[in-house]
Amino acid sequence: MSAFELTIIGLIVVGLVIPVWVFLSILYTGRQVAIEKQPGTRYRAYMAVLDRLVHEVNKEASNGPAVVASMRELREFPEYRDISVLLLNATNITGKTPYDRMLQVEVQQTEAYLLETTGG
């Protein structure tokens, strides 16, 4: 490959590929920020976590890991910590299985985490 061909390839990469890549990355980032700032997005996500949690707890044969994961996911919503802490305080775990013990620890840790956050 000659120097001329390498120069042309370099100009194409610098002149087309890099600007298009930068433009697309900025566009994608801007969309993600716009989606996160839409009113109600965080609320709907929080309600989805609560729905999963209530659904799993009310099932006859509850999926222990799913309940533990949903409890932990409450930490991602410190703006709703008052509701989450009330829910955690009302949680009464009476079982003796390993998942019940894991859930007891997770409830305590999540409650402590939410109480020490500043809400945002």
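Scroll up a little and you will see the structure.
Criteria and thresholds
Residues numbered from 1 in each chain as written. Predicted model: local features only at pLDDT ≥ 70, side-chain atom pairs only at ≥ 80, totals over all residues. Heavy atoms only, no water. Helix = DSSP H or I, 4+ residues; strand = E, 2+ residues; numbered from the N terminus. Buried < 20%, exposed > 50% of the residue type's maximum accessible area, 1.4 Å probe, protein only. Contact = heavy atoms within 4.5 Å. Areas by Shrake-Rupley, 256 points an atom, 1.4 Å probe, with all protein chains shown as cover. Salt bridge = Lys/Arg side-chain N within 4 Å of Asp/Glu carboxyl O. Arc of directions from axis to C-beta. Axes fitted to C-alpha atoms, helices over the stretch in contact; angles between N-to-C directions. Parallel < 35°, antiparallel > 145°, perpendicular 65-115°, else oblique. Left-handed = near helix turned anticlockwise from the far one by under 90°.

**Q** Could you give an account of the overall build of the protein, naming the residues involved and the relevant values?
**A** Helix and strand counts for the protein come out as five helices and zero strands. Element order for the protein, N to C, with α for helix and β for strand: α-α-α-α-α. Counting the 120 residues in the protein, one finds 22% classified as buried. Taking as baseline every contact in the protein between residues at least 6 positions apart, the subset at least 24 positions apart corresponds to 63%. Carbon together with sulfur atoms contributes 64% to the accessible area of the protein, which is approximately 8,800 Å² in total.

**Q** So what's going on with the pattern of salt bridges? Residues and values would help.
**A** Here the idea is simple: oppositely charged side chains can pair when their charged atoms come close. Per the stated rule, a full pass over the model turns up four salt bridges. Glutamate 106 serves as the salt-bridge partner of arginine 72, at 2.6 Å between the closest nitrogen and oxygen. Here arginine 72, found in helix H3 (residues 64-73), pairs with glutamate 106, found in helix H5 (residues 98-116); they are 34 residues apart in sequence, far enough to count as distant. For arginine 72, a relative accessible area of 43% gives the class partly exposed. Overall, the relative accessible area of 3% leaves glutamate 106 in the buried class. Several salt bridges converge on common partners, so that one network encompasses Arg72, Arg75 and Glu106.

**Q** Tell me what's going on with H3, and back it up with residues and numbers.
**A** Note on helix geometry: an α-helix contains 3.6 residues per turn, so any two residues three or four positions apart are oriented the same way. Turning to H3, its buried residues number three or more, namely Gly64, Val67, Val68, Ser70 and Met71. Buried residues in H3, looked at end-on, bunch into an arc of 165 degrees, giving them a common side.

**Q** How would you sum up the packing of helix H2 (residues 41-58) against H3? Please name residues and give values.
**A** Axis separation between H2 and H3 bottoms out at 9 Å; the angle between their running directions is 150 degrees. Put simply, H2 runs roughly antiparallel to H3. Taken as a pair, H2 and H3 cross one another with a handedness that is left-handed. Along the contact surface, H2 presents Val49, Arg52, Leu53, Glu56 and Val57, while H3 presents Ala66, Val67, Ser70, Met71 and Glu73.

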